[in-house]
Amino acid sequence: MFIPHPTNSLKAVTLTHVRYQQGDRLGYFLAWVSLIPVFISLGGIVSHILFRRELQAMFFALGLIVSQYINEVIKSSVQQSRPETCALLEMCDSHGWPSSHSQYMFFFATYFSLLSILHRGGIGIAPRTPNQVLALLPWPCALLTMYSRVYLGYHTVEQVFAGAVLGLLLGAIWFWMVNYFFINYFPAIEESFCGRFFYIKDCSHVPNVLKFEYDNARAARMRMAARKVAAD
């Protein structure tokens, strides 16, 4: 059992350390909004990588990690303090510029939107669903996250806007690097020992992955049914 030394202060894991004013319903809602990056990372990207093994998703996740690393480097270099409310939130031991939550969400929204509009990875969810509609989906969450960090007292307006601009720029740059440079190596990764062993694949060339998998699943079921009838 760990026993803290009286001269040492304890620190919280800031990833899920979100506080709001008791009785403030908007604050309660925005506290959950602040956790959207966690839901995206654990519930979305990690599960997508585990169950779909898509290279596009893997490089998307890698970009988010690189973006967060850059955020930490900048924070450590600039060392701009959080607003005065940090004392109540027990966050004064960390720096605030730029906001990592805003940077994460704007990186995610930018990459996802470009992925939707430019048909990389075939993420259409239904026939006749405009990709422009899909491209708009993450932006309300990104804006709400940015607002929540100011409302809850974790950041100043300047800090969240800095994170948003940096996330947008890094998301666009990373998308270009992945889909116009790294993508040339996707076939080699697919055919490598690890790629074949872990069933890693690239569907960037497929216009609509869900329709492709749906059609192939139906065709496989029909072939199995036909073989069963023939055997009987």
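Residues numbered from 1 in each chain as written. Predicted model: local features only at pLDDT ≥ 70, side-chain atom pairs only at ≥ 80, totals over all residues. Heavy atoms only, no water.

K.L.:
What exactly am I supposed to notice about the overall build of the protein here?
P.N.:
Broken down by element type, the protein carries eleven helices and zero strands. Beginning at the N terminus, the succession of helices and strands in the protein can be written as α-α-α-α-α-α-α-α-α-α-α. Considering the protein as a whole, with its 232 residues, one finds that 38% of them fall into the buried category. Put simply, the protein shows about 14400 Å² of open surface, and 69% of that area lies on carbon and sulfur atoms. (Helix = DSSP H or I, 4+ residues; strand = E, 2+ residues; numbered from the N terminus. Buried < 20%, exposed > 50% of the residue type's maximum accessible area, 1.4 Å probe, protein only. Areas by Shrake-Rupley, 256 points an atom, 1.4 Å probe, with all protein chains shown as cover.)

K.L.:
So what exactly am I meant to see when it comes to the packing of helix α2 (residues 36-52) against helix α3 (residues 55-78) here?
P.N.:
Describing two packed helices takes the angle between their axes plus the distance from one axis to the other. Look at α2 against α3: their axes get within 9 Å of each other, and the N-to-C directions meet at 145°. For the crossing formed where α2 meets α3, the hand is left-handed. Along its contact with α2, which presents Ile45, His48 and Ile49, the element α3 presents Ala57, Met58, Ala61 and Leu64. Taken together, the residues that form the contact of α2 with α3 break down as six nonpolar, one polar and no charged. (Axes fitted to C-alpha atoms, helices over the stretch in contact; angles between N-to-C directions. Left-handed = near helix turned anticlockwise from the far one by under 90°. Contact = heavy atoms within 4.5 Å. Nonpolar A, V, L, I, M, F, W, Y, C, P; charged D, E, K, R; others polar.)

K.L.:
How should unusual backbone geometry be read in this particular structure?
P.N.:
A negative phi angle characterises most non-glycine residues, just as the trans form characterises most peptide bonds. Omega for the bond connecting Trp97 with Pro98 falls within 30 degrees of zero, at -5°, which places this linkage in the cis form. By the secondary structure assignment, Pro98 is in the loop between α4 (86-89) and α5 (100-117). Positive phi is not limited to glycine here, since Arg53 has a value of about 55°. Position of Arg53 relative to the elements: it lies in the loop between α2 and α3. A relative accessible area of 29% means that Arg53 is categorised as partly exposed. If you check the backbone angles, Tyr199 has positive phi at about 60° while not being a glycine. By secondary structure assignment, the location of Tyr199 is in the loop between α10 (193-197) and α11 (209-231). In this structure Tyr199 comes out as exposed when scored by relative accessible area, which is 64%.

K.L.:
Got a minute to help me understand the confidence of the model for the protein in this structure?
P.N.:
Regions with low pLDDT should not have their predicted coordinates read in detail. Predicted confidence across the protein gives a mean pLDDT of 81, with 87% of residues reaching 70 or more. Model confidence for the protein, summarised as mean pLDDT per element, is weakest for α4 at 72 and strongest for helix α8 (residues 157-180) at 94. Low pLDDT (under 50) marks residues 1-5, which in the prediction has two contacts with non-local residues, meaning those over four places away or in another chain. (pLDDT = per-residue confidence, 0-100.)

K.L.:
Is there a simple way to explain the packing of aromatic side chains in this structure?
P.N.:
Any two aromatic rings considered together are summarised by their centre-to-centre distance and by the angle between their planes. For the structure on display, the rule yields 15 aromatic pairs. On the basis of an interplanar angle of 20° and a centroid distance of 5.4 Å, the ring pair of Phe60 and Phe108 is categorised as stacked. One end of the pair, Phe60, is in helix α3; the other, Phe108, is in helix α5, with 48 residues separating them in the sequence. Each of the two residues, Phe60 as well as Phe108, counts as buried. For the pair Phe60 and Tyr111, a centre-to-centre distance of 4.2 Å together with 25° between the ring planes defines the contact as stacked. Of the two residues, Phe60 is situated in helix α3 and Tyr111 in helix α5; the sequence distance between them amounts to 51 residues. For the pair Phe60 and Tyr111, a shared accessibility class is recorded, and that class is buried. Here a set of aromatic residues connected by ring pairs shows up, and it is made of Phe59, Trp174, Phe181, Phe182, Tyr185 and Phe186. When the ring centre of Tyr154 is taken as origin, the NZ or CZ atom of Arg149, which lies over that ring, is 4.3 Å away. (Phe/Tyr/Trp six-rings, centres within 6.5 Å; stacked < 30°, edge-to-face > 60°. Lys NZ or Arg CZ within 6 Å of the ring centre and 35° of its normal.)

K.L.:
Hey, could you run me through α3 in this one?
P.N.:
Since the α-helix advances by 3.6 residues per turn, residues separated by three or four positions end up pointing in the same direction. In a regular helix each residue adds 1.5 Å, so 24 residues correspond to 34 Å; α3 covers 34 Å between its end C-alpha atoms and thus fits that length. Turning to α3, the residues buried within the fold contact α2, α5, α8 and α9 (186-191). (Expected span 1.5 Å × (residues − 1).)

K.L.:
Would you take a moment to explain the nonpolar core for this structure?
P.N.:
Ranked by size, the top nonpolar core spans 31 residues in total, and within it Ile40, Phe60, Leu64, Phe107 and Tyr111 carry the most contacts. Mapped onto this core, the elements with two or more residues apiece are α1 (25-33), α2, α3, α5, α7 (138-151) and α8. With nine residues, α5 is the single largest residue contributor to this core. Apart from residues lying up to four places away in sequence, Leu64 is in contact with Ile45, Tyr104, Phe107 and Phe108. With eight residues, the next largest nonpolar core counts Val18, Val38, Cys86 and Leu152 among its residues. (Core = buried A, V, L, I, M, F, W, Y, C linked by side-chain atoms within 4.5 Å.)

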